[in-house]
Amino acid sequence: MVQLTATPLSALVDEPVHIQITGLSPFQVVTLQASLKDEKENMFYSHAYYRANKVGKVDLEYDSALGGDYVGVHPMGLFWSLKPKKLLTRLLKKDVMNSPFRVQIKLCDLQSPLRNQDTSTSMVSVTLERWYVAPGVTRIPVEEGRLRGALFLPSGEGPFPGVIDLFGGIGGLSEHRSSLLASRGFASLALAYWGYKDLPSQLQKLDLEYFEEASNFLLRHPKVFGQGIGVISTSKGAEIGLSMAIYLKQVTATILINGPNSPYGIPYVYRGYTHQSIPYSLQFLSTNALGFIEFQGIYEKIGVEASQSLFPIEKAHGHFLFIVGEDDKSINSKEHAKKAIEKLRRHGKKNWTLLSYPGAGHLIEPPYSPLCWASKMPNACTPISWGGEVIAHAAAQEHSWKEIQKFLRKHLIPVVTSQL
């Protein structure tokens, strides 16, 4: 009797799953398929071919995929190789508290990739629940003064290390990373700053006092360690995260994922001071073979003016973790991180760590998230290319997530020394 097992059946999305098949004929070749329906009814699919061993068993921990969406030993390949049926659809979880993503794994006979996956007949199947929040985590809507967001608190009395979570050009409020951080022991504030409720629908400038209010709000919370907070930030959010690390003494640990070291497009204001944005050259905007926009060149050939717009990173007193996807098509994030680190070195600073991943794209997410190499964006008439190679990008996500947690714990949890 053929059996398909996947353990655990219900787990957080950043936890691996052990998939095994038993009861096959010796050396039988089969197809494993995965499918997921998001909250907007969009379907995502993946598949891989495997050959059973001499006792009719396949174990994804040890056995190599022969082909399909990936080749080689990749225990979680069916998850991170999921692709949208509708091109340019990004997989994003909105309701992190009340429902998981459900991933159906089907075992089928060897089939042609031209055959419709919706109608394939399975020998056996299993459905897994992939949650973005652990039991006991609470979500508190934040509408204090002009602040808008959601605070996620781990179960227990605390205190916990506090983190502000910032995303970029998609606007609105993204909660999936904050809920996972809270599930791993961090008090995480998912902070919106445009395109959400009564916040501006367009960004004309960035007021750092808004982010200062958010930092003070988090530090005042009775379940948050009061010595300092962290920031985890991506893309435009990483631009903000860098400015927070420089100007706000409350910020002591900053994670910058594929961000620039200068203000892009709009100026920053803080207590009467204006930091002008870096000039750009639209003639260096490029498109790939599919006609998708690649932004990385428009800020690269601007000469002396660029150096005048660089953030004074040497003034930051906290620690930095730079995370770079070397195949980032949106920002030349590797070059930006290099320049920021060179500036720190010139000033005798050693307060940085660099994780640079060949083959990783712009949208580095928590582990096992499918690669989004291009998608539509608010206020953009043409799809944006983000870059990334599927296997390399997946490896970067898995490794960086562990390093993110280690970095935050190291720099945000007070060291208790015993008194003799």
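Residues numbered from 1 in each chain as written. Predicted model: local features only at pLDDT ≥ 70, side-chain atom pairs only at ≥ 80, totals over all residues. Heavy atoms only, no water.

Remarks on the sheet that holds strand 3 (residues 18-22)
Move 1: Strand order in the open sheet made by the three strands is 1-3-6, with antiparallel pairing throughout. Two strands in the sheet have a free side with no partner beyond their single neighbour: strand 1 (3-7) and strand 6 (58-59).
Move 2: One ladder, built from two bridges, connects strand 3 with strand 6; its direction is antiparallel. Bridge pairing in strand 6 places Q20 opposite D59. (Pairing = 2+ DSSP bridges. Helix = DSSP H or I, 4+ residues; strand = E, 2+ residues; numbered from the N terminus.)

A short note on helix 3 (residues 208-220)
Think of an α-helix as turning once every 3.6 residues; residues three or four places apart then point the same way.
Move 1: Compared with the 18 Å implied by 1.5 Å per residue over 13 residues, the 18 Å span of helix 3 between its first and last C-alpha is a close match.
Move 2: Every buried residue of helix 3 is accounted for by L208, Y210, F211, E212, A214, S215, F217, L218 and L219.
Move 3: The backbone nitrogen of E209 lies 3.0 Å from a side-chain oxygen of the residue at the head of helix 3, namely D207. (Expected span 1.5 Å × (residues − 1). Buried < 20%, exposed > 50% of the residue type's maximum accessible area, 1.4 Å probe, protein only. Polar contact = N/O pair within 3.5 Å; in protein donor to acceptor, adjacent residues only side chain to side chain.)

Brief notes about the packing of aromatic side chains
Think of a pair of aromatic rings as described by two things: how far the centres are apart, and how the planes are tilted against each other in angle.
Move 1: All told, the structure shown has eight aromatic pairs when counted by the stated rule.
Move 2: Between Y247 and Y270 the ring centres are 6.1 Å apart and the planes differ by 45°, which places this aromatic pair in the tilted class. Taken together, the positions of Y247 in helix 4 (residues 236-247) and Y270 in strand 18 (residues 268-270) put the pair 23 residues apart, joining distant regions of the chain.
Move 3: Taken together, Y193, Y210 and F211 form an aromatic cluster joined through their ring pairs.
Move 4: The aromatic ring of F101 is capped on one face by K93, whose charged end is 5.4 Å from the ring centroid.
Move 5: The lysine or arginine in question, R130, covers the ring of F79, its NZ or CZ lying 5.1 Å from the ring centre. (Phe/Tyr/Trp six-rings, centres within 6.5 Å; stacked < 30°, edge-to-face > 60°. Lys NZ or Arg CZ within 6 Å of the ring centre and 35° of its normal.)

Remarks on the pattern of salt bridges
Move 1: With the rule as written, the count across this model stands at 20 salt bridges.
Move 2: Among the salt bridges present, the one from R139 reaches E175, with a minimum N-O distance of 2.8 Å. Taken as a pair, R139 in strand 11 (residues 138-142) and E175 in the loop between strand 13 (162-166) and helix 2 (176-183) lie far apart in primary sequence, 36 residues in all.
Move 3: For R139, a relative accessible area of 30% gives the class partly exposed.
Move 4: Salt bridges sharing partners connect three or more residues here, namely D14, E15 and R184. (Salt bridge = Lys/Arg side-chain N within 4 Å of Asp/Glu carboxyl O.)

Some remarks on the environment of T382
Move 1: With respect to the helices and strands, T382 occurs in the loop between strand 24 (374-375) and strand 25 (384-385).
Move 2: The class of T382 is partly exposed, set by a relative accessible area of 23%.
Move 3: Once the C-alpha coordinates of T382 and F292 are considered, the two residues, 90 residues apart in sequence, prove to be 6.4 Å apart.
Move 4: Apart from residues lying up to four places away in sequence, T382 is in contact with G291, F292 and I293. (Contact = heavy atoms within 4.5 Å.)

Considerations on helix 6 (residues 333-346)
Move 1: With 14 residues, helix 6 extends 20 Å from end C-alpha to end C-alpha; this agrees with the ideal 20 Å at 1.5 Å per step.
Move 2: Every buried residue of helix 6 is listed here: S333, H336, A337, A340, I341, K343 and L344. Down the axis of helix 6, the smallest arc covering the buried residues is 155°, so these residues share one side. Within helix 6, the exposed residues directed more than 90 degrees away from the buried face are R345 and R346. (Arc of directions from axis to C-beta.)

Quick notes on the nonpolar core
Move 1: L32, L78, F79, I105, I164, F211 and M244 are the most contacted members of the largest nonpolar core, which has 113 residues in total.
Move 2: Not counting residues within four places of it along the chain, the set of residues in contact with I164 comprises L189, L191, A214, S215, L218, I229, G230, V231, I232 and M244.
Move 3: By size, the runner-up hydrophobic cluster in this structure holds six residues, among which are I293, C372, M377 and W386. (Core = buried A, V, L, I, M, F, W, Y, C linked by side-chain atoms within 4.5 Å.)

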